Amino acid sequence: MSADRFLDKVHLEPDLERIPGRSLLRRLFRRGAGDVSREREAIVIAFASGKGGTGKSFLATNSAIAMHRSGKRVAVVDCDFGLANAHLLFGVNPRYSIQHLLDGVVPVQEVLAATPYGPGLVAGGSGIPSLAELDARHMETLAGALQWLARCHDVLLLDCPAGLAPQSMVTVLAAQHVVIVTNPEIAALTDAYALIKCLARQPVCPVVHLVVNRVSPAGLGRATFDRLAEVSRRFAGCEIHYAGEVPEDSAVTHRRLGQPPLLLSLPECATTQAVLSVIATIEQRIEAQLRSMSNDGVEARMLEQIRRW
Amino acid sequence: MIRGPVLPQLRDSLWSLVARRLDAIERGLTLVVEGLDCSGGQLGPVDGLARDAMGGPVLVLLAVDGDALLTARVLSACEFLTRVGDSLVTAVPEANFCGGIGGRVLLVGTDASATSLESLRRLPLPAFQVCRLEPFRLAGTERFAVRWLSAEGANSSPRLAAAPTPEFNVSKERSRDWATLRSLCERIDPGVRIDGDRFWRRITWSGRLLGEVWSVEGELRALTADGVQSTLSGAGEIRAFVDQLMRQYMKVAGVASGNASPEPASAEAGGAAKTRDSKHRGPPGGRSSPIKAGEESLRSSLAAARLSPEEYSALGGSAMSSGGGTAGAALADDAARIVAAQEGPWPPLRRTD
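Below you will find a few notes about this structure. Not measured: the values here are computed from a predicted model.

Brief notes about the overall build of chain A
Consideration 1: Check the secondary structure of chain A and you find 14 helices and 8 strands.
Consideration 2: Here chain A displays about 12,700 Å² of accessible surface, and carbon together with sulfur accounts for 50% of that area.

Okay, here's the thing in structure tokens:
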């Protein structure tokens, strides 16, 4: 294939230079500069929640698209081993999923699928009925795959399963930054706090960001964060950072299969702007803490958790 | 279109499935090594060498459709096991085979190879078992059932008779010490085995080495699994050696408070070991190193994430702590405050009288 024909098939952003914050992101993910002299590896961000259905996959997919549009190489790993849906939000039906990867049927290079919107996707499984079926060997396989992905991308977004199973915690603790997505309701809030409490007990606690999704009225997200931050500080001794709130939007809940992600279909709506604001806040905090954070590698972090299983 | 349940037909795919689920075919069956060539390269390798719950060797063969050499490979495997089955204990030390337990050949097939399985089942081969995997679908997931075609099935486990262990050549002065040592070893656990050759005995449990004894120049010399060597020349030395054997047994059986991950030799022993060790079990699949002293395990940190009534109350849930209000009342208050701030103060109430 000639270079011209190859370029025809590559997804290019025509107005890349006009995207605000691009220079900041370039600085953020520039390698080999300053104190960051370790082996090139992606920033790993986990989207987690205690309760299911809070909007992790929605935020993870839209964040991935936004980061891709800002010029980074992004991959999303849908770590939901049983009920995955990130591929639906991306509008793709990959041939292989994380299940094939864990079973050793195909390598991670085969599982990583391209999406029409730019980011790569490792689709989650749908044939693993119970997390209990995943043992340490499976998780070690996943750790190796994440290591490969981290070396090939700038940002790795892990869409983690809900709940506090050891298998899901291993994937959460593989990240340097954890974005906890919650809703302003007591069930989601207590589950999010349980997750924060659990993270606070780990030998190395990742940086915790909080996003309050499906907020109505505006401003309730901040109030929810204040309450959760206070309880986390008082009882768990853990500092969490406010990333922002995303309003309740019927355009999100009533989306149909096959529709492009909100970020592309409704770029001017309040929800999209809120998501972009959340991403910008998280990226600023990542940049601020990039030099102070140790980067042992995603595989090493996962293996450490598997050892402590 | 609703797809019927199918098992892979290709050898590699079927083997990757079977190798992962050997324990589902027979409880305690674990794969030791893949690709055992026992026919001098003429007929192709046996798919796998496994260890059963009793610690005996099992040659696992796959029957796939169109395998013209299947019968020859089965015969070759049975003949190989008859010839060298007893020596696999020392020839494949990484397998932890138990001495004195005969081996067997296990042929695994699917519906696609039903004809071959049926014809091979009729062969009068010693220590030969045939089973067929029958797939079915349960709640959207594919599973398989194991149907034993051999008359005996998996329970009786026909085995080749193990070769008798030669008599231990011990001097008359030490024969009493040797008898004492044997009786003490039997008291450790009924599963403790002593086997070897004329001048050497190894003491094992579940294929795990506990210690070794030599007869050298009229003396009994002992070596513990930790590498401590001693000469057994009296009741005191024998008791000290058995004490070391006992400690090693506790370690490998998971009885000690340490971090051993026992691998059961028999169903009974395995069950007991699992129960004893359940509080200290590592990850399923257990390849990771043990937890450091004073370090909290991931599971215990998860268990500690349970919310106290004070935490729940502080988050805004009142039902657990006071029982009077509704859950999330504080969040509703937050919402009301925000709405009030956005809409401004309410107008003063107008008197109607």
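Considering the overall build of chain B
Consideration 1: A tally of regular secondary structure across chain B gives 12 helices and 11 strands.
Consideration 2: For chain B, restricting intrachain contacts to residue pairs at least 6 apart in sequence, the fraction spanning at least 24 positions comes to 53%.
Consideration 3: Surface summary for chain B: the accessible area is close to 19,200 Å², and the carbon and sulfur share equals 53%.

A closer look at the side chain of Glu 212 of chain B
Residues and elements named next belong to chain B.
Consideration 1: Its place among the elements puts Glu 212 in strand β9 (residues 208-216).
Consideration 2: For the buried Glu 212, no salt bridge is present, and the opposite-charge side chain at shortest range is Arg 202, 7.8 Å distant.
Consideration 3: If near-sequence neighbours (up to four positions away) are discounted, Glu 212 is found in contact with Trp 200, Arg 201, Arg 202, Arg 221, Ala 222, Leu 223 and Phe 241.

Regarding the side chain of His 153 of chain A
All names here are of chain A.
Consideration 1: As for its placement among the helices and strands, His 153 is situated in the loop between α7 (136-152) and β5 (155-159).
Consideration 2: A relative accessible area of 9% means that His 153 is categorised as buried.
Consideration 3: Engagement of the side chain of His 153 in a polar contact is seen with the backbone oxygen of Leu 149, the distance being 2.8 Å.
Consideration 4: If near-sequence neighbours (up to four positions away) are discounted, His 153 is found in contact with Ala 42, Arg 73, Val 74, Ala 75 and Leu 112.

Some remarks on empty space enclosed by the protein
Consideration 1: Applying the stated rule across the entire model yields 2 cavities of 30 Å³ or more.
Consideration 2: Looking at the largest cavity, its volume works out to about 40 Å³.
Consideration 3: Surrounding the largest cavity, Ile 45, Phe 47, Ser 63, Met 67, Val 179, Ile 279 and Ile 282 of chain A form its lining.
Consideration 4: Sorting the residues of the lining of the largest cavity by element identifies β1 (43-48), α3 (56-69) and α13 (270-289) of chain A as the ones contributing at least two each.
Consideration 5: Class assignment of the residues belonging to the lining of the largest cavity gives a composition of 6 nonpolar, 1 polar and no charged.
Consideration 6: Here the second largest cavity is characterised by a volume of approximately 30 Å³.
Consideration 7: Every residue along the wall of the second largest cavity is listed here: Cys 38, Ser 39, Leu 43, Gly 44, Pro 45, Val 46, Arg 73 and Ser 76 of chain B.
Consideration 8: In terms of residue class, the lining of the second largest cavity is made up of 4 nonpolar, 3 polar and 1 charged.

Observations regarding the environment of Thr 190 of chain A
Consideration 1: Among the structural elements, Thr 190 of chain A can be located in helix α9 (residues 186-200).
Consideration 2: Judged by relative accessible area, Thr 190 of chain A falls into the buried class, the value being 9%.
Consideration 3: Sequence-wise, Thr 190 of chain A and Gly 50 of chain A are 140 residues apart; in three dimensions their C-alpha atoms are separated by 8.0 Å.
Consideration 4: For Thr 190 of chain A, the residues in contact, after removing those within four places along its chain, are Leu 307, Tyr 312 and Leu 315 of chain B.

Examining the sheet that holds strand β11 (residues 229-231) of chain B
All names here are of chain B.
Consideration 1: Here we have 5 strands laid out as an open sheet, ordered β7-β8-β9-β10-β11, and antiparallel in their pairing. Because the sheet does not close on itself, it has two edges, and the strands there are β7 (192-196) and β11. Geometrically, the sheet is characterised by an average inter-axis angle of 20 degrees between neighbouring strands, direction not taken into account.
Consideration 2: The sheet contact formed by β7 and strand β8 (residues 200-205) spans 5 bridges and is antiparallel. Bridge pairing links Gly 196 to Arg 201 in β8.
Consideration 3: Seen against the sheet, helix α8 (residues 235-253) touches β8, β9, β10 (219-224) and β11 and runs at an angle of roughly 155 degrees to β9.

Looking at the pattern of salt bridges
Consideration 1: For the structure on display, the rule yields 21 salt bridges over all chains.
Consideration 2: A salt bridge links Glu 185 of chain A to Lys 51 of chain A; the nearest nitrogen and oxygen atoms lie 3.5 Å apart. Of this pair, Glu 185 of chain A sits in the loop between β6 (177-182) and α9 while Lys 51 of chain A sits in the loop between β1 and α3, placing them 134 residues apart in sequence.
Consideration 3: What you see here is one network of salt bridges that share partners, running through Asp 111, Arg 132, Glu 134 and Arg 147 of chain B.

Quick notes on the packing of α9 of chain A against helix α10 (residues 220-236) of chain A
Residue and element names in this part refer to chain A.
Consideration 1: In contact at an axis separation of 10 Å, α9 and α10 are set at 35 degrees when each is read in the N-to-C sense. You can see that α9 and α10 cross each other, and the crossing is right-handed. Contacts from Leu 189, Ala 192, Tyr 193, Ile 196, Lys 197 and Ala 200 in α9 reach Thr 224, Arg 227, Leu 228, Val 231, Ser 232, Phe 235 and Ala 236 in α10.
Consideration 2: When its residues are assigned to classes, the contact of α9 with α10 shows 9 nonpolar, 2 polar and 2 charged.

A few points about the layout of surface pockets
To locate leftover empty space, one rolls a probe as large as a water molecule over the atoms.
Residues and elements named next belong to chain A.
Consideration 1: Each pocket or cavity is described by its volume, and for the second largest pocket that value is around 670 Å³.
Consideration 2: Taken together, 34 residues make up the lining of the second largest pocket; nearest its centre are Ser 57, Phe 58, Asn 85, Leu 89 and Val 252.
Consideration 3: Contributing elements (two or more residues each) for the lining of the second largest pocket: α3, α4 (86-90), β7 (207-215), β8 (240-247) and α11 (250-253).
Consideration 4: Among the elements that make up the lining of the second largest pocket, the one with the highest residue count is α3 (5 residues).

Procedures and definitions
Residues numbered from 1 in each chain as written. Chains lettered and ligands numbered in written order. Predicted model: local features only at pLDDT ≥ 70, side-chain atom pairs only at ≥ 80, totals over all residues. Heavy atoms only, no water. Helix = DSSP H or I, 4+ residues; strand = E, 2+ residues; numbered from the N terminus. Areas by Shrake-Rupley, 256 points an atom, 1.4 Å probe, with all protein chains shown as cover. Contact = heavy atoms within 4.5 Å. Buried < 20%, exposed > 50% of the residue type's maximum accessible area, 1.4 Å probe, protein only. Lys, Arg positive; Asp, Glu negative; His and termini not counted. Salt bridge = Lys/Arg side-chain N within 4 Å of Asp/Glu carboxyl O. Polar contact = N/O pair within 3.5 Å; in protein donor to acceptor, adjacent residues only side chain to side chain. 1 Å grid on protein atoms, 1.4 Å probe; cavity = no way out; pocket = protein on both sides within 12 Å on 5 of 7 lines; lining within 4 Å. Points joined across faces, edges and corners; volume = space filled by probe spheres on them. Nonpolar A, V, L, I, M, F, W, Y, C, P; charged D, E, K, R; others polar. Pairing = 2+ DSSP bridges. Axes fitted to C-alpha atoms, helices over the stretch in contact; angles between N-to-C directions. Left-handed = near helix turned anticlockwise from the far one by under 90°.

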